[in-house]
Amino acid sequence: MKFYNIKNSNEQVSFVQAVKQGIGYNDGLFFPVNLPRFTISEVNDLLEMDFINRSLRILLSYVGDEIPVNKLLKCISSAFIFPIPLVLLKNNIAVLELFHGPTLAFKDFGGRFMAQIISELNTEKLMIVLVATSGDTGAAIAHAFYGLNNVHVVILYPEGKISSFQEKLFCTLGKNIHSLAVNGDFDTCQMLVKQAFSDSNLKHKLKLNSANSINISRLLAQICYYFEALAQLPKDLYYKIVISVPSGNFGNLTAGLLAKSIGLPVKRFIIATNINDTVPRFLYNGYWDPKSTITTLSNAMDVSHPSNWVRIEELFRRKSWSLSKLAYGSVDDSLTVATIREIANFGYISEPHAAVSYRVLSDQLRNDEFGIFLGTAHPAKFKHEIENIFSNNLSLLLPCSLLKFSKLPILSRKISSDFNQLRDFLLSLA
Ligand SMILES: *Cc1c(COP(=O)(O)O)cnc(C)c1O
């Protein structure tokens with residue numbers, strides 16, 4: 001199957017090439033040339049299948065015969081090794097828990113699938129995956145690639161600006177995972193990564209890959225769990241289902257809309273953001289007017305230039321759907337806190353990202369609809385903040401896997417914002 005660069009549709013590459021390249025000329029994102037479409041009876045069959053075999057069918061429809069079926073199946077079954085429960089909060093609202101992977105955030109899905117594909121494809125030359133992170137992505141990518149052959153992962157993060165829990169999760173691994181604590185902020189890290197990709201001398205000597213959420217393999221993997229949500233519900237709810245997606249860079253929503261485009265029987269999607277609300281304002285008044293990013297409780301959604309939005313516009317253009325059909329809402333921190341308390345009344349402890357998506361869903365859900373909101377992170381990741389919200393009358397239980405990492409030493413090297421230091425380090429890996 002072919003993928004084209006949204007900025008210039010003359011640039012067309014195979015799935016394998018799109019995964020390896022990550023991004024097209026002029027920073028254009030890749031998008032499928034053919035949009036697969038399952039018939040209603042095929043969709044019904046899909047929803048009867050188990051998660052792994054269903055995901056194979058879905059991903060085959062995008063990958064085609066580029067990767068042998070048995071290899072693709074191996075990638076899928078090595079990547080998706082954790083449960084995806086849909087938990088009922090009240091008679092018409094459920095939460096899809098996407099946080100049971102190794103790093104307790106939904107980014108494990110895309111990260112692990114991408115890692116499996118890359119290690120399956122990359123047998124000859126050592127590849128270096130370079131990523132800048134403010135937390136969740138680095139952890140997911142580090143764990144996804146840990147111990148795989150022929151791939152090194154180099155993660156840049158702003159020193160002192162991520163939580164100590166996050167740091168423990170991906171800076172203690174060693175082996176083929178290298179973490180660099182950069183003296184600067186997240187933007188500095190991103191700038192260094194960009195410099196590496198535009199350094200022709202480095203490109204010549206090393207096989208560099210980026211693991212940002214713009215990689216098409218990460219997006220496609222996320223389509224699979226939307227089907228898994230519906231597979232857990234009685235059929236008479238199909239077409240009444242509304243899904244609320246807590247959005248930052250809009251990869252998760254892109255995947256949901258792609259799921260709808262191939263035939264997922266949902267009624268509509270709702271965009272939920274925190275006060276970094278570039279998209280809701282754009283849908284409201286038609287002006288694309290990013291403001292500077294504000295730190296919030298739902299910090300993985302603190303994005304004001306959401307890079308996947310162009311893919312959503314492209315999908316709507318291709319399908320002749322109208323953007324005015326997309327519902328949206330944004331939630332500030334005090335409402336987020338109040339919502340975490342409200343959800344606790346149902347006997348469920350959530351966290352800031354899920355709470356944002358619940359709030360917008362609950363406010364906009366109509367009588368004849370059934371709502372699903374996405375739980376994108378494990379509440380234990382926000383243990384301190386959440387216990388505070390309940391005035392420490394509640395104590396969150398930690399998965400034992402976290403305990404293990406909290407005891408290990410940090411292995412990061414420190415670097416300055418001087419590109420030469422990153423460059424020397426990368427060359428030392430070759
Ligand atoms: C990354 C992330 C999001 C935002 O997802 P996008 O695909 O970037 O819109 C939401 N919640 C959590 C916990 C995340 O890590």
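Here is what the cut-offs are and how they apply
- Every chain begins its residue count from 1, and numbering advances along the sequence as written.
- Only residues with pLDDT of at least 70 get local features here, since the model is predicted, and only at 80 or more are side-chain atom pairs given and counted; chain-wide, interface and lining totals rely on the full set of residues.
- The basis for every side-chain value is the complete set of non-hydrogen atoms in the structure, without hydrogens or water.
- A helix here means a DSSP run of H or I that spans at least four residues, while a strand means a run of E at least two residues long, and both kinds are numbered starting from the N terminus.
- This radius of gyration counts C-alpha atoms alone. The globule rule is 2.2 Å times how many residues there are, raised to the power 0.38.
- Only protein chains enter the accessibility calculation, which uses a 1.4 Å probe. A residue is then buried if its area is under 20% of the maximum for its type, exposed if over 50%, and partly exposed in between.
- Contact definition: two residues touch when any of their heavy atoms are within 4.5 Å.
- Methods summary: accessible areas were calculated by the Shrake-Rupley approach with a probe of 1.4 Å, and residue burial reflects only the protein chains presented.
- Points on a 1 Å grid, built from protein atoms alone, make a cavity when a 1.4 Å probe fits but cannot get out and make a pocket when they are open with protein on both sides within 12 Å along at least 5 of 7 lines; residues with an atom within 4 Å of a point are the lining residues.
- Grid points are joined across faces, edges and corners, and a volume is the space filled by probe spheres set on the points.
- For this classification, the nonpolar set comprises Ala, Val, Leu, Ile, Met, Phe, Trp, Tyr, Cys and Pro, the charged set comprises Asp, Glu, Lys and Arg, and every other residue, Gly included, is treated as polar.
- Any residue with at least one heavy atom within 4 Å of a molecule or strand is counted as near it.
- By the criterion applied in these results, polar contacts are pairs of N or O atoms within 3.5 Å in which, for protein atoms, one can donate a hydrogen and the other can accept it, and in which residues neighboring in sequence qualify only through two side-chain atoms.
- Being paired, for any two strands, means DSSP has found at least two bridges between them.
- For helices, the fitted axis covers only the stretch in contact; all axes are lines through C-alpha atoms, and the angles between them, taken along N-to-C directions, range from 0 to 180 degrees.
- How far a helix is expected to stretch is found by multiplying one less than its residue total by 1.5 Å.

Draft legend 1. Looking closely at the overall build of the protein chain. Helices and strands together make up the secondary structure of the protein chain, namely 18 helices and 14 strands. Over its C-alpha trace the protein chain gives a radius of gyration of 21 Å, about what one expects of a compact globule, namely 22 Å for 430 residues. By its C-alpha atoms, the protein chain is 60 × 55 × 45 Å across when sized along the principal axes. Per-residue burial over the protein chain gives 59% buried out of 430 residues. Intrachain contacts of the protein chain at a sequence separation of at least 6 include 74% that bridge at least 24 residues. Carbon together with sulfur atoms contributes 51% to the accessible area of the protein chain, which is approximately 17,500 Å² in total.

Draft legend 2. Just empty space enclosed by the protein, in detail. By the definition in use, this model includes one cavity of 30 Å³ or more. Approximately 40 Å³ is the volume attributed to the largest cavity. Lining the largest cavity, in full, are Ser247, Gly248, Phe250, Thr273, Asn276, Asp277, Thr278, Val279, Pro280, Met301, Val303 and Pro306. Looking at side-chain class alone, the lining of the largest cavity contains six nonpolar, five polar and one charged residues.

Draft legend 3. Quick peek at the site of the ligand. In the vicinity of the ligand there are 15 residues, among which Lys107, Asp136, Gly248, Asn249 and Thr376 approach most closely. Between the ligand and Asp136 there is a distance of 2.6 Å, counted from an oxygen atom to a side-chain nitrogen or oxygen. In this structure, a nitrogen atom belonging to the ligand sits 2.8 Å away from a side-chain N or O atom of Thr376. When isolated, the ligand has an accessible area of 380 Å², and the protein chains bury 96% of it.

Draft legend 4. Spatial organisation of unusual backbone geometry. Located in the positive-phi region is Ser391, a residue other than glycine, with phi close to 50°. Along the polypeptide, Ser391 turns up in the loop between α16 (383–389) and α17 (400–406). Here Ser391 falls in the exposed class, since its relative accessible area comes to 54%. With phi around 60°, Asn392 is a residue other than glycine that occupies positive phi space. Structurally, the position occupied by Asn392 is in the loop between α16 and α17.

Draft legend 5. Up close: the sheet that holds strand β1 (residues 2–5). If you walk across this open sheet you meet the three strands as β2-β1-β3, and the pairing is antiparallel. In the strand order of this sheet, the two ends are held by β2 (8–14) and β3 (30–32), each with one partner. Neighbour-to-neighbour, the strand axes of the sheet open up by a mean angle of 40°, direction not taken into account. Relative to β3, β1 runs antiparallel, the two sharing three bridges. Within the sheet, the bridge partner assigned to Tyr4 lies in β3 and is Phe31. With respect to the sheet, helix α13 (residues 309–319) is in contact with β1 and β3, its orientation differing from that of β3 by roughly 30°.

Draft legend 6. Examining the sheet that holds strand β4 (residues 86–90) more closely. In spatial order, the strands read β4-β5-β13-β10-β11-β12; together these six strands make up an open sheet with mixed pairing. Of all the strands in the sheet, just β4 and β12 (327–330) have a single pairing partner and so form its edges. Neighbouring strand axes in the sheet, compared pairwise and without regard to direction, differ in orientation by 25° on average. In the packing of helix α10 (residues 216–231) onto the sheet, contacts are made with β4, β5 (93–97), β10 (241–246), β11 (268–273) and β13 (370–375), and the angle to β10 comes to roughly 140°.

Draft legend 7. Broad picture of the side chain of His143. You can see His143 is positioned in helix α6 (residues 136–145). In contact with His143, other than residues within four places in its own chain, are Pro102, Thr103, Arg112, Leu169, Leu173 and Phe405.

Draft legend 8. Representation of helix α11 (residues 251–262) in the model. Across its twelve residues, α11 extends 17 Å between first and last C-alpha, which sits within 8% of the 16 Å expected from 1.5 Å per residue. With respect to burial, α11 is a largely interior element, eleven of its twelve residues being buried. Looking only at α11, the buried set comprises Gly251, Asn252, Leu253, Thr254, Ala255, Gly256, Leu257, Leu258, Ala259, Ser261 and Ile262. One or two positions beyond α11, positive phi appears at Gly263, with a value near 125°.

Draft legend 9. Region of the structure containing the pairing of β5. Of all five residues that make up β5, five are buried, and the element is covered over most of its length. Side chains Ile93, Val95 and Glu97 project from β5 onto one buried face, and the interleaved Ala94 and Leu96 project onto a second face that is buried too. Note that β4 and β5 share four bridges and pair antiparallel. Considered in β5, the bridge of Leu86 is made with Leu96.

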